[in-house]
Each structure stands twice: as structure tokens, then as C-alpha cells.
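# Reading the structure
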Number of protein chains: 2
Amino acid sequence: MKALEDKILAEGKVYEGNILKVGSFLNHQVDTHFLMEMGDEIARLFKDSGVTKIVTIEASGIAMAVAAAYKMGIPFVFAKKHKTNNISGEVYSSIIHSFTHDTEYTIVISREFISKDDRILIVDDFLANGCAVNGIIDIINQAGAKVVGVSAAIEKAFQNGGDNLRNTGIKVESLAVIESMDNGTIIFRK
Amino acid sequence: MKALEDKILAEGKVYEGNILKVGSFLNHQVDTHFLMEMGDEIARLFKDSGVTKIVTIEASGIAMAVAAAYKMGIPFVFAKKHKTNNISGEVYSSIIHSFTHDTEYTIVISREFISKDDRILIVDDFLANGCAVNGIIDIINQAGAKVVGVSAAIEKAFQNGGDNLRNTGIKVESLAVIESMDNGTIIFRK
């Protein structure tokens, strides 16, 4: 998505450790008009996939999920990062290792919100090593539902999560795919 | 908002300790069509307030903030619940006590995303004792910006946060105001 690449070049900031900060429009402050354009693009990319529900993880995936789900006319569910007393009854859960924060955390989704008939699109703001997505896939498999694809706003291809998923046969459509950002120079995949 | 009251009565579940679970449409699974209707209502309620930006707190306020900000044609910012290495530079911060989880946590917002010229509407899914909102107001005051109002989807009036804010002169417009839910019976404010 050319408009997203342009916005990353204009507003993104690259920091040591391959960190890309896009808090001006994507995951701290959110440009809602542009967000909905990204939702349109995800809806277009998966219009023939029979998606019944979008799943994301709190917190920074939620805005993307709102936009994509609204544009597709379906609900979304966000996995919560630990069990709170605000989640009722039985949940599906999976453990995720965060390289960003060097911690492990558990994500949970109430069993009532994923059924075996669901065809699920996973949406997030970033796709890097794919650990978060794999945790969601684990939960979707527990529910007996089908993963029909993965869509992130920004994929860091050099961390291989996206290509690993593609190699398992999953349709992965990231709106901007960064091949490298060595020395602060962002190179997008052609 | 009658449609929200109806949805709470149809789908909400009341648990001991005055807990209302609305995870089927508001804060775990999200009904995106209905979410945008709530966004329309917030935009209508604050159309004359000159709002330049919406502020909320991750995670469950984000969906409401997307809807309201999109319908008002403005960006939103979500406060993060602890300082991560994904937030650059200087931040405003405030400490919030959570009665739900009986913990304290710090919220942060990058200084670059609130300016003294901003007229800010605070949006959240729930307004109960008002601690979270007061933390955001603290940050907005630090930035020298103006709080023009507060809008929550669901206000638990018996926890007094909303009325305490109204008593300080702040415009508070909750889409559904629950006076009581004793014995599991939900009574809305007239």
C-alpha cells in the first residue's frame, strides 16, 4: 500500500535494534482517516476469503481490527494479555514470548467468541517474528476454527515471521513490507 | 442512547461485586457496526465543543475512541499503561489506582501528541469511580491543554465518578447511565 509506505517514510523513526516508531499515526496517536483507508485495503485483499471474524491482540492491534472489521461488516475479538476477573467462564489460552520486552505473557479469548464454524482473519499493527500471530493461531486451532489469513499494517520481513507463515500455506498480506532498515534506511519489498 | 440500553439488557451479564460484562459487543468481542453508531452519538453530543483530539487508555477504550474520533474527523491518542521501549523521548505520566484489579499502574502519553492548543474529549468504555479519567485529566493539565468533556459508553452512576466530574463543571455524556444493578436488575438513569 503505497500511501502507507509514504507515511512510514515521512513520519516513521528508526532506532537502534531495528525498532520502527510509528506512534504519530498507528499505535499511540492514531490517524483515524488513514486507519479506515487501511481497513478498506484489508477488506479488498480478503474480500473472497469468506471471513466471519477478525482476531487481534490488545492493545495496539485493536485500532487496525476496528477498521478492517468495520469495512468487512463483521465483528472482531481481541485477545487479552492475561486473565482478568472481567472475563467470564472458560477461555482458550496460549503463551507468547515477547522479544521486544523479553518477557512471556499469556493471551486468552473467551470460548464463547470463537466457534468451529468461524473463518478467521488475524490482524495486527506489526508482524515481526510472528510469535503473537502463532499464539492466536494456537487458540484458533483449539477452537477448531479456520485461519484464512493474516494481515498486518507493517511487516518486518527481516524478522521472518511473515515468510514463515507463508511457507505453511497461510495467506499473509501486509500493507507495507520492510526488507531492511539498516543504518536507518527503510527498504520496502518490491 | 436507547439502542445501547437495549443491548445491555439483552446481552449484558451482571456478576457479584457490581460487575457488568458486555464482552459480547463492547470490550472483548466488538460489534463494529454498533460501535460506529455509538461513535455517531458521541460526535453528535460534542459537535459544538471544538474537539481537536480524543484521548483514551489502552486497551478497552481504544475501540470506542476509534469510532468517536473517526466520526468527528480527528485523531485520537491512547495512553499506555506502562513505559515501554516503544515510546520515544519524553512522556507525560500519571498514576492510577485500579479498584477492579486492586493495583496501581502508571499511564503515559508522549509529549509530542498533546499540545497546549488541544481541546480534548476523553472517551472510554466504562466510567465507574473515575480514577482512570482523573489520570488522563492530570496528563492533559500537565500539557496545558483543555478538557472539553468526557464520554463513556457505560457509566456506573452508583460509583459516583461521572457525577463527581460533572460537579467540577466538566461536560460528561455517557451513552448509558446505570443507577443500580442490585440483585442483577439493571436500572438506568432517566
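Going by the structure above, here's the rest.
Overview of the structure. (Residues numbered from 1 in each chain as written. Chains lettered and ligands numbered in written order. Predicted model: local features only at pLDDT ≥ 70, side-chain atom pairs only at ≥ 80, totals over all residues. Heavy atoms only, no water.)

Okay, the interface of chain B and chain A next. Contacts between the two partners involve 41 residues from chain B, matched on the other side by 41 residues from chain A. For the pair chain B and chain A, the summed buried surface comes to about 3400 Å²; carbon and sulfur atoms form 62% of the total. Applying the counting rule to chain B against chain A returns 2 salt bridges. The interface formed by chain B and chain A holds 12 residue pairs in polar contact (both at pLDDT 80 or more) in total. If you tally residues by element for the side of chain B that touches chain A, the top one is helix α3 (residues 62-72) of chain B, at 6 residues. Considering only residue class, the side of chain B that touches chain A consists of 20 nonpolar, 14 polar and 7 charged. (Contact = heavy atoms within 4.5 Å. Buried area = accessible area lost by both parts, 1.4 Å probe. Salt bridge = Lys/Arg side-chain N within 4 Å of Asp/Glu carboxyl O. Polar contact = N/O pair within 3.5 Å; in protein donor to acceptor, adjacent residues only side chain to side chain. Helix = DSSP H or I, 4+ residues; strand = E, 2+ residues; numbered from the N terminus. Nonpolar A, V, L, I, M, F, W, Y, C, P; charged D, E, K, R; others polar.)

Another point: the relation of the copies chain B and chain A. In screw terms, the move from chain B to chain A is a rotation of 180° and a rise of 0.0 Å along the axis, fitting with an RMSD of 0.0 Å. The two molecules are tied by a two-fold rotation axis, judged by turn and shift. Relative to the rotation axis, the closest C-alpha in chain B is found at Ala59 of chain B, a distance of 2.5 Å. Both copies share a contact surface, since 100% of the interface residues of chain B are interface residues in chain A too. (Least-squares fit on C-alpha atoms with pLDDT ≥ 70 in both.)

Time to look at the pairing of strand β9 (residues 146-156) of chain B. All names here are of chain B. Counting buried residues in β9 gives 10 out of 11 residues, a clear majority hidden from the surface. The pairing of β9 with strand β10 (residues 176-180) spans 3 bridges and is parallel. Paired with Ile154 across the bridge in β10 is Ala176. (Buried < 20%, exposed > 50% of the residue type's maximum accessible area, 1.4 Å probe, protein only. Pairing = 2+ DSSP bridges.)

What follows covers unusual backbone geometry. In this structure, Ala59 of chain A follows Glu58 of chain A across a cis peptide bond, with omega equal to 0°. For Ala59 of chain A, the position within the fold is in the loop between β4 (53-57) and α3 (62-72). One non-glycine residue with positive phi stands out, namely Asn18 of chain B, at about 55°. Here Asn18 of chain B shows up in the loop between β1 (13-15) and β2 (19-21). Residue classification places Asn18 of chain B among the partly exposed residues on the basis of a relative accessible area of 29%.

Take the pattern of salt bridges next. Residues and elements named next belong to chain A. Throughout the structure, instances matching the rule amount to 28 salt bridges over all chains. Between Glu179 and Arg189 there is a salt bridge, with its nearest N and O atoms 2.6 Å apart. Taken together, the residues span a long stretch of sequence, with Glu179 in strand β10 (residues 176-180) and Arg189 in the segment after β11 (187-188) at a distance of 10 residues. Judged by its relative accessible area of 32%, Glu179 falls in the partly exposed class. In this structure Arg189 comes out as partly exposed when scored by relative accessible area, which is 28%.

What follows deals with the environment of Gly73 of chain B. Residues and elements named next belong to chain B. When you line up the elements, Gly73 lands in the loop between α3 and β5 (76-79). Relative accessible area serves as the criterion here: at 62%, Gly73 is assigned to the exposed category. For Gly73 and Ile42, which are 31 residues apart along the polypeptide, the C-alpha to C-alpha distance reads 12 Å.

Sheet architecture is open: 7 strands sit in the order β3(A)-β5(B)-β4(B)-β8(B)-β9(B)-β10(B)-β11(B), paired in mixed fashion. Each edge of the open sheet is held by one strand with a lone partner, namely β3 (29-30) of chain A together with β11 (187-188) of chain B.

For the rest of this paragraph, the subject is helix α4 (residues 131-143) of chain B. All names here are of chain B. Relative to the 18 Å expected for 13 residues at 1.5 Å per residue, α4 spans 19 Å between its end C-alpha atoms, a close match to the ideal helical length. Taken residue by residue, α4 has Val133, Gly135, Ile136, Ile137, Ile139, Ile140 and Ala143 as its buried positions. The inward-facing, buried residues of α4 contact β4 (53-57), β6 (91-98), β7 (103-110), β8 (119-127), β9 and α5 (161-167). Positive phi shows up at Gly144, right after α4, with a value of about 75°. (Expected span 1.5 Å × (residues − 1).)

Moving on, we get to the sheet that holds β10 of chain A. On the basis of which strands lie adjacent, the open sheet formed by 7 strands has the order β11(A)-β10(A)-β9(A)-β8(A)-β4(A)-β5(A)-β3(B) and mixed pairing. Sheet topology places β11 of chain A together with β3 (29-30) of chain B at the edges, where each strand pairs with a single neighbour. Those strands touched by helix α4 (residues 131-143) of chain A are β4, β8 (119-127) and β9 (146-156) of chain A, and its axis lies near 165° from that of β8 of chain A. (Axes fitted to C-alpha atoms, helices over the stretch in contact; angles between N-to-C directions.)

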